[in-house]
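# Per-entry structural report
One-letter residues, chain by chain:
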Amino acid sequence: MTSFIALQTDITTLKADAVVNAANRTLLGGGGVDGAIHRAAGPRLLQACRALGGCETGQSKITLGYGLPAKWIIHTVGPVWRGGKHGEEQLLSSCYTTALALGRQYGAKSIAFPCISTGVYGYPQKPAAQTAFKSVMRFVRQYPEAFDAIYFVCFLPEDLALYNELLEQMPC
Ligand code: APR
């Protein structure tokens, strides 16, 4: 049985098996959660990311967690919001499903997602939360044994309210 938890915290402090990074296509770090993860993980993360050769939007790649409490970091590249008619929803959904698939492949039993694409990439928070939630639930229906816990890690209170609302609507 998979538990779903929404919480407001700094994802770099979370002791999940895997934490997901909202990266860019270079995988060489940036601002936002990407910057926070690279700062907390330390320089070995950048070294490992250099060897990954980048990542396409909607795809995910995995590294060790290095200085993070998490064992793995799954780097995914969200879509830049361009108004909603350029495949953004499908690409954002793919971030969640490819990250979950990688976590499952590596044996992670808990995984933590930030609110991918809703910062620098400008994806509106509510549609992003709805797409994230729908994509995660679809994956868990397909692989009910894959994860014991899935965390929706919010940095902003309004995101936490969105995810709590979605969780409250879940059938018991
Ligand atoms: N822990 C959890 N969430 C965080 C943290 C943190 N330490 N820092 C920021 N966030 C939140 C933001 O508040 C936002 O809700 O992560 C969400 C995603 O925002 P960004 O980090 O800006 O990511 P994104 O919108 O996907 O843009 C990615 O930004 O940092 C660069 O290199 C990155 O180019 C890429 C782009």
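Here the structure is shown first, and the text comes after it.
So, here is what we can say about the structure in this document. (Residues numbered from 1 in each chain as written. Predicted model: local features only at pLDDT ≥ 70, side-chain atom pairs only at ≥ 80, totals over all residues. Heavy atoms only, no water.)

### Details of the sheet that holds strand β6 (residues 149–154)
Either a parallel or an antiparallel arrangement is found when strands of a sheet pair, and the pairing is made through backbone hydrogen bonds. Basically, it comes down to this: We call two strands paired when DSSP finds no fewer than two bridges between them. A run of H or I in DSSP becomes a helix once it reaches four residues, and a run of E becomes a strand once it reaches two; helices and strands are each numbered from the N terminus. The angle between two axes is taken between their N-to-C directions and runs from 0 to 180 degrees, where each axis is a line fitted to C-alpha atoms and a helix contributes only its stretch in contact. Contacts between residues were defined by any pair of non-hydrogen atoms, one from each residue, lying within 4.5 Å.
The mixed open sheet is built from six strands, whose spatial order is β1-β6-β5-β2-β4-β3. Both edges of this open sheet fall to β1 (3–8) and β3 (60–64), since each of them pairs with a single strand only. Taking the axes of each pair of neighbouring strands and ignoring which way they run, one obtains an average angle of 25 degrees across the sheet. Two elements, β3 and strand β4 (residues 72–77), share five bridges in a ladder whose sense is antiparallel. The residue bridging lysine 61 from the neighbouring strand is histidine 75, located in β4. Set on the sheet, helix α2 (residues 43–50) makes contact with β3 and β4; between it and β3 the angle comes to about 135 degrees. Contacting β1 and β6, helix α5 (residues 157–168) runs over the sheet at an angle of about 160 degrees to β1.

### Side note on the packing of aromatic side chains
Put simply, the rule reads: The rule is short: rings of Phe, Tyr and Trp, with Trp giving its six-membered ring, pair when the centres are within 6.5 Å, and they are stacked under 30 degrees, edge-to-face over 60, tilted in between. Buried, partly exposed and exposed residues are distinguished by accessible area as a fraction of the type maximum, computed with a 1.4 Å probe on protein chains only: under 20%, between the cut-offs, and over 50%, respectively.
With the rule as written, the count across this model stands at seven aromatic pairs. Between phenylalanine 139 and tyrosine 143, the ring centres sit 4.8 Å apart and the planes meet at 45 degrees, which makes this aromatic pair tilted. Taking the relative accessible area as the measure of exposure, phenylalanine 139 reaches 6% and is therefore buried. With a centroid separation of 4.8 Å and 20 degrees between ring planes, the pair formed by phenylalanine 152 and tyrosine 163 is classed as stacked. With phenylalanine 152 in strand β6 and tyrosine 163 in helix α5, the pair connects residues that are 11 residues apart, well separated along the chain. Residue classification places phenylalanine 152 among the buried residues on the basis of a relative accessible area of 1%. Site record: aromatic cluster; members linked through ring pairs are Phe133, Phe152 and Tyr163.

### Side note on the site of the ligand
Operational definition: Near is defined per residue: the residue qualifies when any heavy atom it owns lies within 4 Å of the molecule or strand. Two N or O atoms form a polar contact when they lie within 3.5 Å of each other; inside protein one atom must be a possible hydrogen donor and the other a possible acceptor, and for residues adjacent in sequence the pair counts only when both atoms belong to side chains. With residues, only the protein chains shown are counted as cover, and all accessible areas are computed by Shrake-Rupley using a 1.4 Å probe. Lys, Arg, Asp and Glu make up the charged group, whereas Ala, Val, Leu, Ile, Met, Phe, Trp, Tyr, Cys and Pro make up the nonpolar group; the residues left over, Gly among them, are polar.
Residues in contact with the ligand amount to 22 residues; listed here are only the nearest, Gly31, Val33, Asp34, Gly119 and Val120. In this structure, aspartate 10 approaches the ligand through a side-chain N or O atom, which is 3.0 Å from a nitrogen atom. Within the side chain of aspartate 34, a nitrogen or oxygen atom sits 2.7 Å from an oxygen atom of the ligand. About the coverage of the ligand: the protein hides 92% of its 690 Å² of free accessible area. Take the shell around the ligand: its biggest share by element is four residues, from helix α1 (residues 32–41). Residue classes in the shell around the ligand are distributed as 10 nonpolar, nine polar and three charged.

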